[in-house]
Amino acid sequence: MVMSDPTTNEVRTAWFLLFAAIVLWGANWPIMKIGLNYIGPLWFAAIRVVIATLCLFALLALQGRLSPPTREELPVVFSIGVLQIGIFLGLIQFSLLFVEAGRSAVLAYTTPIWTAPLALLFLRETLTRRKLLGIVFGLGGILILFNPFTFPWGWNDYTFGNALLIAAAMVLAIVIVHVRGYGWTRPHLSLLPWQFLLGS
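Small disclaimer: the values here were computed from a predicted structure and weren't measured.

1. Considering the packing of helix α1 (residues 8-35) against helix α4 (residues 101-108)
Move 1: Contact geometry for α1 and α4: axes closest at 9 Å, N-to-C directions at 120°. When the axes of α1 and α4 are compared, the pair comes out oblique. Here α1 runs over α4; the crossing is right-handed. Where α1 abuts α4, its residues Trp-29, Pro-30 and Lys-33 lie against Ala-101, Ser-104, Ala-105 and Ala-108.
Move 2: Of the residues that constitute the contact of α1 with α4, the class distribution is 5 nonpolar, 1 polar and 1 charged.

2. Side note on helix α5 (residues 111-122)
Move 1: The end-to-end C-alpha distance of α5 is 16 Å, a good match for the 16 Å that 12 residues give at a rise of 1.5 Å each.
Move 2: Within the sequence span of α5, burial applies to Thr-111, Ile-113, Trp-114, Thr-115, Ala-116 and Ala-119.
Move 3: On the buried face of α5, the contacting elements are α4, α6 (129-145) and α7 (157-182).
Move 4: Once α5 ends, the next one or two residues include Arg-124, with phi positive near 55°.

3. Thoughts on the pattern of salt bridges
Here the idea is simple: oppositely charged side chains can pair when their charged atoms come close.
Move 1: Scanning the model with the defined rule gives 3 salt bridges in all.
Move 2: Two residues, Arg-186 and Glu-73, come together in a salt bridge whose shortest N-O distance is 2.8 Å. Of the two residues, Arg-186 sits in the loop between α7 and α8 (188-199) while Glu-73 sits in the loop between α2 (41-62) and α3 (74-95), which places them 113 residues apart along the sequence.
Move 3: Look at Glu-73 and you get buried, because its relative accessible area is 4%.
Move 4: Across the pair Arg-180 and Glu-125 runs a salt bridge whose closest N-O atoms are separated by 2.9 Å. With Arg-180 in helix α7 and Glu-125 in the loop between α5 and α6, this residue pair connects regions lying 55 residues apart in the sequence.

4. Comments concerning the packing of aromatic side chains
The geometry of an aromatic ring pair is captured by the separation of the ring centres together with the interplanar angle, meaning the angle of the planes.
Move 1: For the coordinates displayed, the defined rule picks out 7 aromatic pairs.
Move 2: Arranged with centres 6.1 Å apart and planes meeting at 90°, the rings of Trp-29 and Tyr-109 form a pair that is edge-to-face. Of this pair, Trp-29 sits in helix α1 while Tyr-109 sits in the loop between α4 and α5, placing them 80 residues apart in sequence.
Move 3: Pairing Phe-57 with Trp-194 gives two aromatic rings, centres 4.9 Å apart and planes at 85°, and the pair type is edge-to-face. Placement of Phe-57 in helix α2 and of Trp-194 in helix α8 is noted, with a sequence separation of 137 residues between them.

5. Some words on the environment of Asn-9
Move 1: Position of Asn-9 among the secondary structure elements: in helix α1.
Move 2: Judged by its relative accessible area of 55%, Asn-9 falls in the exposed class.
Move 3: When the C-alpha positions of Asn-9 and Leu-198 are compared, they lie 39 Å apart, and in sequence the two are 189 residues distant.

6. Side note on the packing of α4 against α7
Move 1: Where α4 contacts α7, the two axes come as close as 8 Å, and the packing angle between them is 35°. Along its contact with α4, which presents Arg-103, Ser-104, Leu-107 and Ala-108, the element α7 presents Tyr-158, Asn-162, Leu-165, Ile-166 and Ala-169.
Move 2: For the contact of α4 with α7, a count of residues per class yields 6 nonpolar, 2 polar and 1 charged.

7. Considerations on α2
Move 1: Over its 22 residues, α2 extends 32 Å from the first C-alpha to the last, a length consistent with the 32 Å expected when each residue adds 1.5 Å.
Move 2: Those residues of α2 not exposed but buried are Pro-41, Phe-44, Ala-45, Val-49, Thr-53, Leu-56, Phe-57 and Leu-60.
Move 3: Looking at the buried positions of α2, the neighbouring elements they touch are α1, α3 and α8.
Move 4: One or two residues past the end of α2 sits Gly-64, with phi positive at roughly 70°.

Conventions we followed
- Residues numbered from 1 in each chain as written.
- Predicted model: local features only at pLDDT ≥ 70, side-chain atom pairs only at ≥ 80, totals over all residues.
- Heavy atoms only, no water.
- Axes fitted to C-alpha atoms, helices over the stretch in contact; angles between N-to-C directions.
- Helix = DSSP H or I, 4+ residues; strand = E, 2+ residues; numbered from the N terminus.
- Parallel < 35°, antiparallel > 145°, perpendicular 65-115°, else oblique.
- Left-handed = near helix turned anticlockwise from the far one by under 90°.
- Contact = heavy atoms within 4.5 Å.
- Nonpolar A, V, L, I, M, F, W, Y, C, P; charged D, E, K, R; others polar.
- Expected span 1.5 Å × (residues − 1).
- Buried < 20%, exposed > 50% of the residue type's maximum accessible area, 1.4 Å probe, protein only.
- Salt bridge = Lys/Arg side-chain N within 4 Å of Asp/Glu carboxyl O.
- Phe/Tyr/Trp six-rings, centres within 6.5 Å; stacked < 30°, edge-to-face > 60°.

So yeah, pure geometry; function would need other evidence.
Now the structure itself:
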């Protein structure tokens, strides 16, 4: 099968979608931070997930695509639902009580740093020179964030918030390695309502 070159409109659409994703994803963090002025972190996270659950069930039901996961799919549903949606979102929402939004967004997604060694350990993936260099640079970036001259060392709210974000990144890394090793056969959207239900 010969792949045709993308048209100008397709390229423009791809760039627009990328830009929209960056803006919406970036705006998400300060909005979450502001929301904590009005509601507790776990309730905030729970309400977001419950709304997403209801929308996903309604969407797939209207499309006639709603079906329960098979027994083989349950490990992935559990992993993403409980760890990635439930625990990960809960941790980052709670951390925003103590850490500014910009720093939170960076630390929560240090996931690739933790994913590579886990994949080496559990999936026997090769730790290439490029991956190793990425880990070194990533850890260097974290060290810069934890500047010893400005960071308030000792066990305090700020340290606790940062620890929650690192824990969230590690939880997400565990999920990624599990899903990569286990996989699934159906489109992800088919399982998403059930994953969000568990996360709720």
